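# An overview of the molecular structure
Here are the chains, one letter per residue:
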Amino acid sequence: MADEAHFRLRIPRDLKEWVEKEAEKNHRSINAEIVHLIDSAKGEAEFHVSMEEPCMTSEEFDEALQSHERVETALSELNNSDLLQILAERLLGRPPRFPR
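Below is a short write-up of the structure. Not measured: the values here are computed from a predicted model.

With that settled, consider the overall build of the protein chain. Assigned secondary structure in the protein chain consists of four helices and zero strands. The order of helices and strands in the protein chain, counted from the N terminus, is α-α-α-α. Residue burial in the protein chain is summarised as follows: out of 100 residues, 8% are buried.

The terminal C-alpha atoms of helix α4 (residues 80-91), which comprises twelve residues, lie 16 Å apart, in line with the 16 Å expected from a rise of 1.5 Å per residue. Listed as buried for α4 are D82, I86 and E89. Looking straight down α4, one finds its buried side chains confined to an arc of 60°; they lie on one side. Residues of α4 that are exposed and point over 90 degrees away from its buried face: N80, S81, L84 and L91.

This part covers the side chain of E22. Structurally, E22 can be placed in helix α1 (residues 13-25). Its relative accessible area of 16% is what places E22 among the buried residues. A distance of 3.1 Å separates a polar atom in the side chain of E22 from a polar atom in the side chain of K25.

This next bit is on α1. When the terminal C-alpha atoms of α1 are compared, their 18 Å separation across 13 residues agrees well with the 18 Å that a helix rising 1.5 Å per residue should span. Every buried residue belonging to α1 is among V19, E22 and A23, and all of these are buried. All buried residues of α1 fall inside an arc of 100° around its axis, so they share one side. Set apart from the buried face of α1 by more than 90 degrees, the exposed residues are R13, D14, K21, E24 and K25. Phi turns positive one or two residues past the end of α1, at H27, with a value near 55°.

Reading guide: rules and limits
- Residues numbered from 1 in each chain as written.
- Predicted model: local features only at pLDDT ≥ 70, side-chain atom pairs only at ≥ 80, totals over all residues.
- Heavy atoms only, no water.
- Helix = DSSP H or I, 4+ residues; strand = E, 2+ residues; numbered from the N terminus.
- Buried < 20%, exposed > 50% of the residue type's maximum accessible area, 1.4 Å probe, protein only.
- Expected span 1.5 Å × (residues − 1).
- Arc of directions from axis to C-beta.
- Polar contact = N/O pair within 3.5 Å; in protein donor to acceptor, adjacent residues only side chain to side chain.

Laid out in structure tokens, this is it:
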């Protein structure tokens, strides 16, 4: 890490022992394990914050739902022969030709 900060950390002995065991189990240095744990906690915290904000508006949700329903309807209209043809095209690495 080119941009590192150094500091001393006082933690309870049992927590230090736990970190040492985790580091050994994960084949990391104690420092690398602490950085990993902090980074994981940071990612978890950012995920929870992002979940508090809606990822799409109600209009975007309605549009996505309608699109899903159109795909579902199109798939329900295909017969087994059509599905096998599409699968064969995909297995051969070609874009599938959907029957009309």
